[in-house]
Amino acid sequence: MNQLKMNVTEFFSKYTKPAVTTIVGISIAYASFKLGAEYGNPKTNNDSKNPYAHAFSPSEISIAVNESNELIMIERATGDYIVYSDTIGQTIFAMYANRIHQEVINGK
């Protein structure tokens, strides 16, 4: 009986520590994987609206130019605005001025 008790104690002392270490290691790896999958990949907001997806009519927007010659388009309903670089503002202004010049020359 005493020999059996020593064999059982020896068996458990020999294999318990590696088994517990393996179980703890697998548990930590599984928990890390689950946390990484949940919080590591931020969800993107698909509700963000594209300001270029809608062509505005003149009644829907106001156009302004700031002191840096940047073109500002302001949506009248919401007050949201888009700022364009100075070269875009100057190009649009040149096109608009050319149209008015042509109307004056042609008498329309």
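Remember, predicted model here, so these are calculated numbers, not experimental data.

Undergrad: Explanation requested: the pairing of strand 1 (residues 61-65) in the structure shown.
TA: On a regular strand, each side chain points to the face opposite its neighbour's, so the side chains alternate between the two faces of the sheet. Here five bridges tie strand 1 to strand 2 (residues 71-75), and the two strands are oriented antiparallel to one another. Bridging across to strand 2, Ala64 finds its partner in Ile72. The antiparallel pairing of strand 1 with strand 2 creates a hairpin that spans five residues between the two strands, and Asn69 there sits at a positive phi of about 65°.

Undergrad: Explain the sheet that holds strand 1 to me, please; I cannot follow it from the model alone.
TA: Paired through their backbone hydrogen bonds, the strands of a sheet run either parallel or antiparallel. Across the sheet, three strands lie side by side as 1-2-3; this open sheet has antiparallel pairing. Looking at which strands have only one partner, the edges of the open sheet turn out to be strand 1 and strand 3 (81-84). Averaged over all adjacent pairs, the angle separating strand axes in this sheet is 20°, with direction ignored.

Undergrad: How should the side chain of Glu75 be read in this particular structure?
TA: Considering the arrangement of structural elements, one finds Glu75 in strand 2. Within the local environment of Glu75, its side chain forms a polar contact with the side chain of Thr78, the two groups lying 3.4 Å apart. Filtering out sequence-adjacent residues up to four positions away, Glu75 remains in contact with Lys49, Phe56, Glu60, Ile61 and Asp80.

Undergrad: Any chance you could explain helix 2 (residues 86-106) here in plain terms?
TA: Three- or four-residue spacings in an α-helix give side chains the same orientation, since the helix completes a turn every 3.6 residues. Relative to the 30 Å expected for 21 residues at 1.5 Å per residue, helix 2 spans 30 Å between its end C-alpha atoms, a close match to the ideal helical length. Taken from the residues just after helix 2, Gly107 is the one with a positive phi, measuring 75°.

Undergrad: What's the story with the packing of aromatic side chains in this structure? I'm lost.
TA: Geometrically, a pair of aromatic rings is defined through the distance of the ring centres and the angle of the planes. Under the defined criterion, the tally for this structure stands at one aromatic pair. With 5.0 Å between their ring centres and 55° between their planes, Phe11 and Tyr15 make a pair best called tilted. Of this pair, Phe11 and Tyr15 are both found in helix 1 (residues 2-39), four residues apart, which corresponds to roughly one turn of the helix. Given a relative accessible area of 48%, Phe11 falls into the partly exposed group.

Procedures and definitions
Residues numbered from 1 in each chain as written. Predicted model: local features only at pLDDT ≥ 70, side-chain atom pairs only at ≥ 80, totals over all residues. Heavy atoms only, no water. Pairing = 2+ DSSP bridges. Helix = DSSP H or I, 4+ residues; strand = E, 2+ residues; numbered from the N terminus. Axes fitted to C-alpha atoms, helices over the stretch in contact; angles between N-to-C directions. Polar contact = N/O pair within 3.5 Å; in protein donor to acceptor, adjacent residues only side chain to side chain. Contact = heavy atoms within 4.5 Å. Expected span 1.5 Å × (residues − 1). Phe/Tyr/Trp six-rings, centres within 6.5 Å; stacked < 30°, edge-to-face > 60°. Buried < 20%, exposed > 50% of the residue type's maximum accessible area, 1.4 Å probe, protein only.

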